[in-house]
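Single-letter residue listing:
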Amino acid sequence: MIKLKHAVIACLVMIGQFAYSQTSTISGVVSDDSGTPLPGATIIVAGTTNGTTTDFDGNYALSNVNSTDKLVFSYIGMTTQTIAVGSQTSINVSLQEDAEALDEVVVVGYGTQSRAEVTGAIVSVGAKELAALPVTNADQALQGRAAGVTVINAGSPGTAPVVRIRGLGTMNNNNPLYVIDGIIAGGLGDLNPNDIESITVLKDASTTAIYGSLGSNGVVMVTTKKGNRSGKTLVTLDAYTGINFSNQRYDLLDTQQYLQYAQDAFGFTPTSPLSQSNGNTTDFQDALFRTGVMQKVDFGLSGGGENNDFRFSGGYMDQEGILVETGFERFSFRANSNFTVGKFNFGETMAVSFQKQNPERNLGDRSLIEHAIKAAPYLPIYNPSNLQGFQGPNNDADGQDGENPIRVQTLGEQINKSSSIIGSIFGEFEIIDGLKFKSQVGLEYRNSNTNIFVPSYNDDSLGATHSSDFAEITKNSTSRKNITITNSLNYAFSLSDKHNFDLLVLAEKQETVDELLNSSSQNPITNEVNQVSSEKAFLESFTYDYTRISYMGRLNYNFDQKYIFAASIRRDASGRFGENNRWGNFPSLALGWNIAKESFLADTAFNTLKLRGSWGITGNDNINDYGFLSTLSSNFFYPFGDTLATGTTVSGLANPYLKWEETTMKNIGLDFELFNSKLTGAVEYFSNTSDDLLMGRPLSPSLGTNSGEVPENVGSVETSGVEFSLGYNDYDGDFTWSANLNIGTSTNEVKSLGPVESISGGTFESQDISRIEVGEPLFFFYGYETDGIYQTRAEVDANLTQTLVDGEFPVNPGDIRFVDQNGDGQINADDRVKIGNPYPDFTYGLNLNANYKQLDLNLFIAGVSGVDVYNTNIYDLEGMPRLFNAGTNVLNRWTGPGTSNSVPAAGGNDQNFNSISDRFVEDGSYARLKNITLGYTLDNPALEEYFSKCRIYISGQNLITISDYSGLDPEIGGPLTNNGGSNKYELGIDRGNYPQPKSVLLGVQLSF
């Protein structure tokens, strides 16, 4: 009986097991991560030959599948997925793009190339990485994504970031060349980031020399999204909404502290009625900052058939800035289509953009933040009794003239509007197998208008410290028309299946016309008319024509993708030079060896081990038009008695010998992939030398030229650095993750300035901050070194030889002790030295991704190290030149021996506050959590009827910043104004710059 029971139990178990593991049919849909069906995807039962493929709509059905089986889903260019069957009868799969497969083909100048055959320094950033950050300018998303690419973002919405590829190589324009779908463009500000498929950065001569005169600062190539030829139309919707904010503030004096400070430091007691009120404190910083709302909606429609594809998209973005009445709004539309008729391919790209920006306004070369620091804290923001309803100080009664920052920013309006069209049409015909002729015409057209209107006002009922008796109207407009025509012949062929050749020849012509119109006037009668009139009118216009003609030839050769050779030669003519030196020749040469293909590495962990090197010359003509001619300047005012008469004068001297600035680039790199490409990386070393630098040589005032300089080819700069990237990608199982790190270094040294000893740069309080000098980096900070505070008269006398001035010593106890570098007992210009470098020692980025079933997480960290910032805000917070509000540190100022060795006495020697010194130089290094995003893709059968993809996410930007910098933001973007010095010298100077906002967003992505 016992044996019988055991037999019965065993039989029941076998029956149960058989019932559980019986075969069934599994069906479903295979698509990519955007919801597009994947025809021809393979589904196979792991460990067997039982399999099938998807049909045209991505559907599949596979029979004879056990519940204990696992299905393997694969598709070319996608990451393979393995899923356990269990009790499921319907399995829908969304395959992710394979990072290794994406790298197989990369975009290069005038075409594409297999990653295995690339010999140059190229970095690609995909659509997913770009879409992770909610940015207004696409190049903002490059920050921390590519080794050797430095991006300095500006906080003001709609303001383009500063982008540098491999550091600084010239004291002229260091901006890279931007190419969108083969069209040369002025930047990426008009481009909707959601329309971008990938961005490729070309960094060395092997890749940039094919652009000749345009490639010396690197090239940023953008490829926009295209349709698909699957026969099915895909609709996508991507939207988010969120807030921008900043909780960074300076610690300023309140009313009680300020009144005591005014009396103790300057012996002045404010007498205005408001200063004697109940002691309320106005927080001008909190009034200036706000929480801004941002929202974005992008719509896409794509599809196609066997011989055509299309994609149409529209986008809307609206971002309120964190300073009042600042913001950015953009409408964008794009249409891309391609057609094939036999051996003829043709198509077009077209994008239209409309933008409106409300920028930060500055008055008297002061930023809004500087105004907020200086304002007397007892003054209210508003006073309905005053004209226009704002309150400001009275110069006599309040002892100061700080502006009301809210009035500066909100009274009247300043609106920048622009519209742009960028597009192309092309046709390509295959003459014989492998031989193709292509012709493309590209257009970039942009029109911009700035309208400024400030009505009459009076902030001071006691007098006229801040007032205007008339309305001021300014209307400026610019337009650019850039047409590029390119004709090319490309021949790709192979011999004996081992020798692979790719030949390209092309001719190209670029014509650019810029037109500018500036006008302004006053209206003393009414504030209701916002139009320019003849009252105190100013009017000027300019037209600039630029033409470039180019011829280029390129040869790419490889033997079995093992030994690689590439060479190119480009010849350019620029309209910015005279006839004698109009043409320039720009060659390049590159070699590569894919060591992993050698027999001695056949059975090792290496998938790729490629050694490559390149050399080449690129050019630069980024100077003002007509520099080789002697031009005339209008609207020049001549004094005739007590009046001024408008006339014309010679702008500058002619230089018919002006020629190309050239940069010789050398690069050596090593690419590697191990363990089935789970571990990837690259190491680069580069060295660039720029010669015949285009710069202005100062002229004697006696020559009578308006510009005061003549452009010449003088000087040389060397730039070198190391770049490193390392990535790990684990795409197996339910939990997948990846980590990618990149680090880039760059140093530069001026080797020659010709007959010029030095060049002065950006200024502050009428003194130079930055400088260019042989043996030093470009734009280094130049000033006095400090050594604490003089505590006693004996200490002053022991260090300085002083002569009484008006019966008083110029330097006294409580003044800053500057280092007497030459020991002559005097502090003067001879004691100035290098006090900082505004360019970082290295930049880095760390990108972390993790996915578990429907959950996804992204962490992105970016930072810089070894960068100095010249913080002019310290002048306002601790300088104490005269009575303004200040930081609370002034309460700990020097008032007697031993009281302070960092903050000087109030009202001391002028050098305490207006001398450029290391007192204002701070370490601007930072590490920033640039992005954190948590997403969830809904996997609900009820939704499949409506959506092929439904993902919701929450995202935060700039939430954590680690830095020792005392300012509001260590990331110092472009120049605040043109008045602080030439734009090209304005690097790393914080004049109260608009800080980077933090943001929190909630978004949804739909495909159907």
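Residues numbered from 1 in each chain as written. Predicted model: local features only at pLDDT ≥ 70, side-chain atom pairs only at ≥ 80, totals over all residues. Heavy atoms only, no water.

Novice: Summarise the pairing of strand β21 (residues 344-358); cite the residues concerned and give the values.
Specialist: In the sheet, strand β20 (residues 327-341) pairs with β21 via 15 bridges, with the strands oriented antiparallel. Looking across to β21, one finds that Phe-339 is bridged to Phe-346. Between β20 and the antiparallel strand that follows it, β21, lie two residues; Gly-342 among them carries a positive phi value of about 65°. Strand direction decides the pairing type here: β21 and strand β22 (residues 413-432), joined by 14 bridges, are antiparallel. When the sheet's bridge partners are listed, Gln-357 is paired in β22 with Asn-416. (Pairing = 2+ DSSP bridges. Helix = DSSP H or I, 4+ residues; strand = E, 2+ residues; numbered from the N terminus.)

Novice: Outline unusual backbone geometry, listing residues and values.
Specialist: Of note, Asn-676 is a non-glycine position whose phi angle comes to about 55°, a positive value. By relative accessible area, which is 66% here, Asn-676 ends up exposed. Its identity as a non-glycine residue notwithstanding, Asp-692 has a phi of 55°, on the positive side. By the element assignment, Asp-692 lies in the loop between β35 (679-691) and β36 (694-698). Its relative accessible area of 26% is what places Asp-692 among the partly exposed residues. (Buried < 20%, exposed > 50% of the residue type's maximum accessible area, 1.4 Å probe, protein only.)

Novice: Kindly report on the sheet that holds strand β48 (residues 833-836), identifying the contributing residues and their values.
Specialist: By definition, the strands of a sheet pair up through backbone hydrogen bonds, in either a parallel or an antiparallel sense. What the four strands build is an open sheet, ordered β41-β44-β45-β48; its pairing is antiparallel. Here the strands that pair on one side only, and so sit at the sheet edges, are β41 (758-760) and β48. Put simply, the sheet's adjacent strands are angled 50° from each other on average, direction ignored. Alignment of strand β44 (residues 770-773) against strand β45 (residues 780-783), held across two bridges, turns out to be antiparallel. Within the sheet, the bridge partner assigned to Arg-771 lies in β45 and is Phe-780. (Axes fitted to C-alpha atoms, helices over the stretch in contact; angles between N-to-C directions.)

Novice: Just give me the short version of the packing of aromatic side chains, but keep the residues and values in it.
Specialist: Each aromatic ring pair is specified by the distance between its two centres and by the angle formed by the two planes. Per the stated rule, a full pass over the model turns up 25 aromatic pairs. Relative to Trp-737, the ring of Tyr-728 lies with its centre 5.0 Å away and its plane at 35°, an arrangement referred to as tilted. Residue Trp-737 is classed as partly exposed on the basis of its relative accessible area, which comes to 33%. Taking the centre distance of 5.4 Å and the plane angle of 55° together, the rings of Tyr-784 and Phe-818 count as tilted. In this pair, Tyr-784 sits in the loop between β45 and β46 (786-789) while Phe-818 sits in strand β47 (residues 816-818), placing the two residues 34 residues apart along the sequence. Overall, Tyr-784 belongs to the buried group, its relative accessible area being 7%. Three or more aromatic residues joined by ring pairs form one cluster here, namely Tyr-491, Phe-493, Phe-501 and Tyr-557. For the cation-ring pair, Arg-249 lies above Phe-289, with the distance from its terminal atom to the ring centre recorded as 4.3 Å. (Phe/Tyr/Trp six-rings, centres within 6.5 Å; stacked < 30°, edge-to-face > 60°. Lys NZ or Arg CZ within 6 Å of the ring centre and 35° of its normal.)

Novice: Hey, could you go over the pairing of strand β18 (residues 292-305) for me, with residue numbers and the actual values?
Specialist: Two faces make up the sheet, and in a regular strand the side chains alternate between them. Both strand β17 (residues 234-245) and β18 contribute to a ladder of 11 bridges, which runs antiparallel. Across the sheet, the residue bridging to Leu-234 is Ser-302, located in β18. Looking at chain direction, β18 and strand β19 (residues 308-320) are connected through 12 bridges and run antiparallel. Of the residues in β19, the one forming a bridge with Val-297 is Tyr-316.

Novice: Lay out the pattern of salt bridges in plain terms, naming residues and giving numbers.
Specialist: Tallied over the full model, the rule gives 40 salt bridges. For the salt bridge of Asp-459 with Arg-407, the shortest nitrogen-to-oxygen distance reads 2.7 Å. Taken together, the positions of Asp-459 in the loop between β24 (457-458) and β25 (467-468) and Arg-407 in helix α8 (residues 405-410) put the pair 52 residues apart, joining distant regions of the chain. Considered together, Asp-459 and Arg-407 belong to a single accessibility category, that of buried residues. The closest approach of N and O atoms between Lys-562 and Glu-598, which form a salt bridge, is 3.9 Å. Of this pair, Lys-562 sits in the loop between β28 (538-559) and β29 (563-574) while Glu-598 sits in the loop between β30 (583-594) and β31 (606-620), and the two are 36 residues apart along the sequence. Accessibility assignment for this pair places Lys-562 and Glu-598 in one class, buried. One network of salt bridges, with partners in common, ties together Arg-166, Lys-203, Lys-610, Arg-612, Asp-671, Glu-684 and Glu-723. (Salt bridge = Lys/Arg side-chain N within 4 Å of Asp/Glu carboxyl O.)

Novice: Which residues make up the environment of Gly-412, and what values do they have?
Specialist: Summarising the element assignment, Gly-412 is placed in the loop between α8 and β22. In this structure Gly-412 touches Arg-361, Phe-453 and Pro-455, once residues within four positions along its chain are discounted. (Contact = heavy atoms within 4.5 Å.)

Novice: Can you tell me about the nonpolar core, naming the residues and giving the values?
Specialist: If you look at the biggest cluster of nonpolar residues, it comprises 28 residues, and the most contacted ones within it are Leu-188 and Ile-199. Where this core is concerned, the elements lending two or more residues are β10 (122-126), β11 (149-152), β12 (162-165), β13 (177-180), β14 (183-185), β15 (196-202), β16 (219-224) and β50 (855-865). No other element matches the three residues that β15 contributes to this core. Setting aside residues up to four positions removed in sequence, Ile-199 forms contacts with Val-123, Ser-124, Val-125, Leu-130, Ala-138, Leu-142, Leu-188, Val-220, Met-221 and Val-222. In this structure, Leu-288, Leu-411, Leu-968 and Tyr-994 belong to the second largest nonpolar core, which totals 22 residues. (Core = buried A, V, L, I, M, F, W, Y, C linked by side-chain atoms within 4.5 Å.)

Novice: Explain the side chain of Arg-570 residue by residue, including any values.
Specialist: You can see Arg-570 is positioned in strand β29. Side-chain polar atoms of Arg-570 contact the side chain of Tyr-110, separated by 3.1 Å. (Polar contact = N/O pair within 3.5 Å; in protein donor to acceptor, adjacent residues only side chain to side chain.)

Novice: So what's going on with the environment of Asn-175? Which residues, and what values?
Specialist: Inspection of the secondary structure assignment puts Asn-175 in the loop between β12 and β13. Taking the C-alpha atoms as reference points, Asn-175 and Gly-187, 12 residues apart in sequence, are found 9.4 Å from one another. Engagement of the side chain of Asn-175 in a polar contact is seen with the side chain of Arg-164, the distance being 2.8 Å.

Novice: Lay out the confidence of the model for the protein chain in plain terms, naming residues and giving numbers.
Specialist: Caution applies to low-pLDDT regions: their predicted coordinates should not be interpreted in detail. The share of residues in the protein chain with pLDDT of 70 or more is 95%, and the mean pLDDT across the chain is 88. For the protein chain, the element scoring lowest by mean pLDDT is helix α1 (residues 2-21), at 42; helix α6 (residues 284-288) scores highest, at 97. Low pLDDT (under 50) marks residues 1-21, which in the prediction has four contacts with non-local residues, meaning those over four places away or in another chain. (pLDDT = per-residue confidence, 0-100.)

Novice: Can you lay out helix α5 (residues 255-266) for me, pointing to particular residues and giving the numbers?
Specialist: With 12 residues, α5 extends 16 Å between its outermost C-alpha atoms, agreeing within 8% with the 16 Å of an ideal straight helix rising 1.5 Å per residue. Listed in full, the buried residues belonging to α5 are Thr-255, Tyr-258, Tyr-261, Ala-262 and Ala-265. All buried residues of α5 lie within an arc of 120° about the axis, which places them on one face of the element. One side-chain oxygen of the residue at the start of α5 lies 3.3 Å from the amide nitrogen of Gln-256, identifying that residue as Asp-254. Gly-267 sits one or two residues past α5 and shows a positive phi near 65°. (Expected span 1.5 Å × (residues − 1). Arc of directions from axis to C-beta.)

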